[in-house]
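A look at the structure
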Amino acid sequence: ASDSKITTRQSFNLTVQPLLVNPVGALPETTSPGTSTSGILIVGLPPYVPKCSGLPVGVTCSFSGVQEPYPQDTDLSMTVTVPSGIAPGTYPFNVDVKSGPADASAGFTLYIGDFSLQPPNASNDWAPPGSTINISFSLQTLDNFSGNVNITCSLDVSGSSCTGGSFLVSGSNSPVSISVTVPSGASPGMQTLSVTATTGSLTHTAAFPFYVADYSG
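Bear in mind that the values here come from a model prediction, so they are computed numbers and not experimental data.

**Comments concerning the overall build of the protein**
If you tally the helices and strands in the protein, you get zero helices and 17 strands. In terms of C-alpha radius of gyration, the protein reaches 29 Å, well past the compact-globule figure of 17 Å for 217 residues. When each of the 217 residues of the protein is scored for burial, the buried share is 38%. Of the contacts formed within the protein by residues at least 6 apart in sequence, a portion of 61% connects residues at least 24 apart. As presented, the protein carries roughly 12100 Å² of accessible surface, and 52% of it is formed by carbon and sulfur atoms. Where the 4 positive side-chain charges of the protein centre and where its 12 negative ones centre are 42 Å apart.

What follows is the structure, encoded as structure tokens:
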């Protein structure tokens, strides 16, 4: 046999791309009800099928974005939606991604925060008729809640006015203040001061005693 008829075998390298999933951005923080957005970075061969596992019952997640062709990385936005009735707390969960026969996952933690309205001090829960007083109270945060809270208020006295505002709340106790104007001629006695605090879809309302006091003699 002639050696000229022998075919030389060519060598080649086969690289198998592993499927990788990593968190992107801040961990999801929200309230109940509320939504939060985070993201995932995927390295592999599309198409990808992402889903969440381990979330509390009723909490859902969805993904959006363009799945890039290999070898480009894929960034997907993840939106976590929390309904009413989910207790504040820390909830670990996984994002599982499937690509053909390959599976990979990344761990996340969902933080659901809340806050409560604390009553004002006795030193500034009263005013005489015909006066304006600034009333200070606090918002007590639960499970690391932080965000802007809008305060509105009203006093059940005809002709009165109450002004709130927007406050950045963080830390265990955050001070807020409102301004209450009591009209001249208001009858002395205990009245009801209603305060409503709203952030996103979460609203808390509290009623506190307020005293119209006349010490003119």
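**Here we look at the environment of A106**
Mapped onto the elements of the fold, A106 is located in strand β8 (residues 102–112). Here A106 falls in the buried class, since its relative accessible area comes to 7%. With sequence-adjacent residues up to four places away left out, A106 is seen in contact with V21, N22, P23, F93, N94 and V95.

**Describing the sheet that holds β8**
The mixed open sheet is built from four strands, whose spatial order is β2-β8-β7-β4. For this open sheet the edge positions go to β2 (29–30) and β4 (49–53), each flanked by a neighbour on one side alone. For strand β7 (residues 89–99) and β8, the ladder comprises eleven bridges, and the chain directions are antiparallel. Bridging from a neighbouring strand, V95 pairs with A106 of β8.

**Brief notes about the sheet that holds strand β17 (residues 202–212)**
On the basis of which strands lie adjacent, the open sheet formed by five strands has the order β10-β17-β16-β12-β14 and mixed pairing. With one partner strand each, in any of the chains shown, β10 (126–127) and β14 (165–169) form the two edges of the open sheet.

**Structural notes on the nonpolar core**
I178, V180, L193, V195 and F210 are the most contacted members of the largest nonpolar core, which has 29 residues in total. If you list the elements that add at least two residues to this core, you get β9 (114–117), β11 (131–142), β12 (147–155), β14, β15 (173–182), β16 (189–199) and β17. By residue number, the principal contributor to this core is β17, which donates five residues. Discounting residues that sit within four places of it in the chain, L193 has contacts with I135, S154, L155, C162, I178, V180, A206, A207, F208 and F210. Membership of the second largest hydrophobic core comes to 21 residues, among which are I40, V80, V82 and L110.

**A short note on the layout of surface pockets**
As a volume, the largest pocket reaches approximately 210 Å³. Lining the largest pocket are 18 residues, and of these E29, T30, T31, F145 and S146 sit closest to its centre. Considering only residue class, the lining of the largest pocket consists of four nonpolar, twelve polar and two charged.

Rules behind the numbers
- Residues numbered from 1 in each chain as written.
- Predicted model: local features only at pLDDT ≥ 70, side-chain atom pairs only at ≥ 80, totals over all residues.
- Heavy atoms only, no water.
- Helix = DSSP H or I, 4+ residues; strand = E, 2+ residues; numbered from the N terminus.
- Rg over C-alpha atoms; globule rule 2.2 N^0.38 Å.
- Buried < 20%, exposed > 50% of the residue type's maximum accessible area, 1.4 Å probe, protein only.
- Contact = heavy atoms within 4.5 Å.
- Areas by Shrake-Rupley, 256 points an atom, 1.4 Å probe, with all protein chains shown as cover.
- Lys, Arg positive; Asp, Glu negative; His and termini not counted.
- Charge placed at Lys NZ, Arg CZ, Asp CG, Glu CD.
- Pairing = 2+ DSSP bridges.
- Core = buried A, V, L, I, M, F, W, Y, C linked by side-chain atoms within 4.5 Å.
- 1 Å grid on protein atoms, 1.4 Å probe; cavity = no way out; pocket = protein on both sides within 12 Å on 5 of 7 lines; lining within 4 Å.
- Points joined across faces, edges and corners; volume = space filled by probe spheres on them.
- Nonpolar A, V, L, I, M, F, W, Y, C, P; charged D, E, K, R; others polar.

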